[in-house]
Amino acid sequence: MLRILYAIQGTGNGHLARSLDIVPLLQERASHLDVLISGPPSDIQLPYPVRYRCHGMGFIFGKSGGISFSKTFAQLNAPALLRETRELPVKDYDLVINDFEPVSAWACRLRQVPCVALSHQSAVLGPEAPRPRRPDPVGHAVLRHYAPSTAHYGFHFERYDEHTFTPVIRRQVRELTPQNDGHYTVYLPAYDEETLVNRLRYISRDVAWEVFSKHSQQESRHGNVRVRPVSGAAFTDSLSRSAGVFCGAGFETPAEALYLGKKLLVVPMKNQYEQACNAASLAHLGVPVVKSLKDKHLTGVEEWLRFGRPIPVDYPDETGRIIDRLLMEQLGRKRH
């Protein structure tokens, strides 16, 4: 009887979006699977039971291009985090698989239980993965120690080493037939609605922009800018029908845009080391990167609108094979 705990970071939508494909594969292979989610509430509703919901240690997006450190620290509950870490029964499982989730990772470290990372972040930390030109020792240390692991299997935009694989593209995205209706899909959750509307209308009053905003509760129109609340189905549909995608330098949205053959432009969040690394990796592929939405960087957006082209990628569906390899290697080591 194989008992697995799969722990997922709830900040943002990317980790949970990836879990939509990974959880069913784990359910097929385990006698018993429990799911843990920690961090702030996500926009994605999961169609499977969640055994543990933890406060954890997530990040709150700001409204001017970066993380809101004041709100992040305000929601940090150290006593709750310590209690969750002490009480989580990680020894009840044959295997703990972790997608950048701190409660289960530190619970494993506390009890000397193996913790296997299956995440994008573990690939970002790989020695061959691209890095930004400016070193960030603090950001690198946070990324390394936030959710410590004893083994890692990672996803990145390219395969840089034997433990790094190309992105998990959701089944819902793989089944799409991409079209080009002429609009541009925008997802920049670290900017507020007013800033995005002003900046996008400044760039062009002719282009049709479809903005998905975490800070908006209802749909609105501002000339050629349509603002919509974040919704998984609506966003995926907009992505599929877009002429291009303008988003942060996260992982899942850029990967899905590349897979669908959309031209892509990214803006990494300020003071966010992981996104700086992602931007370096995307630039290596040929994806244009702009530093911010300040006036001096907007010519890069204008050039992309006029001359940008899709970047061809090959992202095969190999998630089941990766999980089989993980189980074989980790459970085999455990038996010996």
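See the structure printed just above.
Residues numbered from 1 in each chain as written. Predicted model: local features only at pLDDT ≥ 70, side-chain atom pairs only at ≥ 80, totals over all residues. Heavy atoms only, no water.

**Q** Before we move on, can you summarise the packing of aromatic side chains with the specific residues and values?
**A** Under the definition given, this model contains 7 aromatic pairs. Judged by centre distance (5.2 Å) and plane angle (90°), the ring pair of Phe212 and Phe235 falls under edge-to-face. Here Phe212, found in strand 9 (residues 209-213), pairs with Phe235, found in helix 9 (residues 232-241); they are 23 residues apart in sequence, far enough to count as distant. What links up through ring pairs into an aromatic cluster is the set Tyr184, Trp209, Phe246 and Trp304. Directly above the ring of Trp106 sits Arg109, whose terminal nitrogen or CZ lies 5.5 Å from the centroid. (Phe/Tyr/Trp six-rings, centres within 6.5 Å; stacked < 30°, edge-to-face > 60°. Helix = DSSP H or I, 4+ residues; strand = E, 2+ residues; numbered from the N terminus. Lys NZ or Arg CZ within 6 Å of the ring centre and 35° of its normal.)

**Q** Give a detailed account of the nonpolar core, specifying residues and quantitative values.
**A** If you look at the biggest cluster of nonpolar residues, it comprises 54 residues, and the most contacted ones within it are Ile4 and Leu264. Sorting elements by how many residues they give to this core places helix 1 (residues 14-29) first, with 7 residues. (Core = buried A, V, L, I, M, F, W, Y, C linked by side-chain atoms within 4.5 Å. Buried < 20%, exposed > 50% of the residue type's maximum accessible area, 1.4 Å probe, protein only.)

**Q** Any details on unusual backbone geometry? Residues and values, ideally.
**A** Phi is positive for Gln112, close to 55°, though the residue is something other than glycine. Mapped onto the fold, Gln112 is located in the loop between helix 4 (102-111) and strand 5 (116-119). Assessed through its relative accessible area of 75%, Gln112 is described here as exposed. The residue Asn271 is not glycine, and still its phi comes out positive at about 55°.

**Q** Run through the packing of helix 8 (residues 193-203) against helix 12 (residues 298-307), naming residues and quoting values.
**A** Between helix 8 and helix 12, the least distance of the axes is 10 Å, while the angle of their chain directions is 60°. By the criterion of interaxial angle, the relationship of helix 8 to helix 12 is oblique. With respect to the hand of their crossing, helix 8 and helix 12 are arranged in right-handed fashion. Residues Arg199, Tyr202 and Ile203 of helix 8 form the contact with helix 12, whose participating residues are Leu298, Val301, Glu302 and Leu305. (Axes fitted to C-alpha atoms, helices over the stretch in contact; angles between N-to-C directions. Parallel < 35°, antiparallel > 145°, perpendicular 65-115°, else oblique. Left-handed = near helix turned anticlockwise from the far one by under 90°. Contact = heavy atoms within 4.5 Å.)

**Q** Account for the pairing of strand 9, naming residues and giving values.
**A** Where burial is concerned, most of strand 9 is hidden: 5 out of the 5 residues are buried. Looking at chain direction, strand 8 (residues 184-187) and strand 9 are connected through 3 bridges and run parallel. Among the inter-strand pairings, Thr185 is bridged to a residue of strand 9, identified as Glu210. Since strand 8 and strand 9 lie parallel, the crossover through helix 8 that links them has a hand, and here it is right-handed. When strand 9 meets strand 11 (residues 225-229), the two strands line up parallel, connected through 5 bridges. When the bridges of strand 11 are listed, Val211 appears paired with Val227. (Pairing = 2+ DSSP bridges. Right-handed = clockwise from strand over helix to strand, strands pointing away.)

**Q** Residue-level account of the sheet that holds strand 1 (residues 3-9), with values.
**A** Working definition: the strands of a sheet are paired by backbone hydrogen bonds and lie parallel or antiparallel to each other. If you trace the 7 strands from one edge of the open sheet to the other, you get 3-2-1-4-5-6-7, paired in parallel fashion. Whereas interior strands pair on both sides, the edge strands pair on one side only; in this sheet they are strand 3 (52-54) and strand 7 (164-165). The pairing of strand 5 with strand 6 (residues 151-155) spans 4 bridges and is parallel. Within strand 6, the position partnered with Val116 by the bridge is Ala151. Strands strand 1, strand 2 (32-38), strand 4 (95-99), strand 5 and strand 6 of the sheet are contacted by helix 1, whose axis makes an angle of about 170° with strand 1. Contacts between helix 4 and the sheet are confined to strand 1, strand 2, strand 3 and strand 4, with strand 4 contributing the most and set at about 140° to the helix.

**Q** Go over the packing of helix 3 (residues 78-87) against helix 4 with me, naming the residues and quoting the values.
**A** Running from N to C, helix 3 and helix 4 cross one another at 55°; their axes reach a closest spacing of 8 Å. Regarding the angle of helix 3 to helix 4, the classification is oblique. Seen from above, helix 3 lies across helix 4 with right-handed handedness. Residue-level contacts link Leu81, Glu84, Thr85, Arg86 and Glu87 of helix 3 to Val103, Trp106, Ala107, Leu110 and Arg111 of helix 4. Along the lines of polarity and charge, the residues of the contact of helix 3 with helix 4 split into 5 nonpolar, 1 polar and 4 charged. (Nonpolar A, V, L, I, M, F, W, Y, C, P; charged D, E, K, R; others polar.)

**Q** Report on the pattern of salt bridges, specifying residues and quantitative values.
**A** Tallied over the full model, the rule gives 15 salt bridges. A salt bridge links Glu329 to Arg325; the nearest nitrogen and oxygen atoms lie 3.0 Å apart. In this pair, Glu329 and Arg325 are both assigned in helix 13 (residues 319-335), 4 residues apart and thus about one turn of the helix distant. The network of salt bridges with shared partners includes Glu210, Glu219, Arg226 and Arg228. (Salt bridge = Lys/Arg side-chain N within 4 Å of Asp/Glu carboxyl O.)

**Q** Quick one: what's the story with the sheet that holds strand 13 (residues 263-267), residue by residue and with numbers?
**A** Spatially, 6 strands are ordered 10-11-9-8-12-13 in an open sheet, and the strand pairing comes out mixed. The sheet terminates laterally at strand 10 (220-222) and strand 13, the two strands that pair on one side only. Each strand of the sheet is rotated relative to its neighbour by a mean of 20°, with strand direction disregarded.

**Q** Please give an account of the layout of surface pockets that cites residues and values.
**A** Each pocket or cavity is described by its volume, and for the second largest pocket that value is around 920 Å³. The wall of the second largest pocket is formed by 24 residues, among which Pro132, Pro268, Met269, Ala276 and Lys291 lie closest to the centre. By residue number, the principal contributor to the lining of the second largest pocket is helix 11 (residues 273-285), which donates 5 residues. Split into classes, the residues belonging to the lining of the second largest pocket amount to 12 nonpolar, 5 polar and 7 charged. (1 Å grid on protein atoms, 1.4 Å probe; cavity = no way out; pocket = protein on both sides within 12 Å on 5 of 7 lines; lining within 4 Å. Points joined across faces, edges and corners; volume = space filled by probe spheres on them.)

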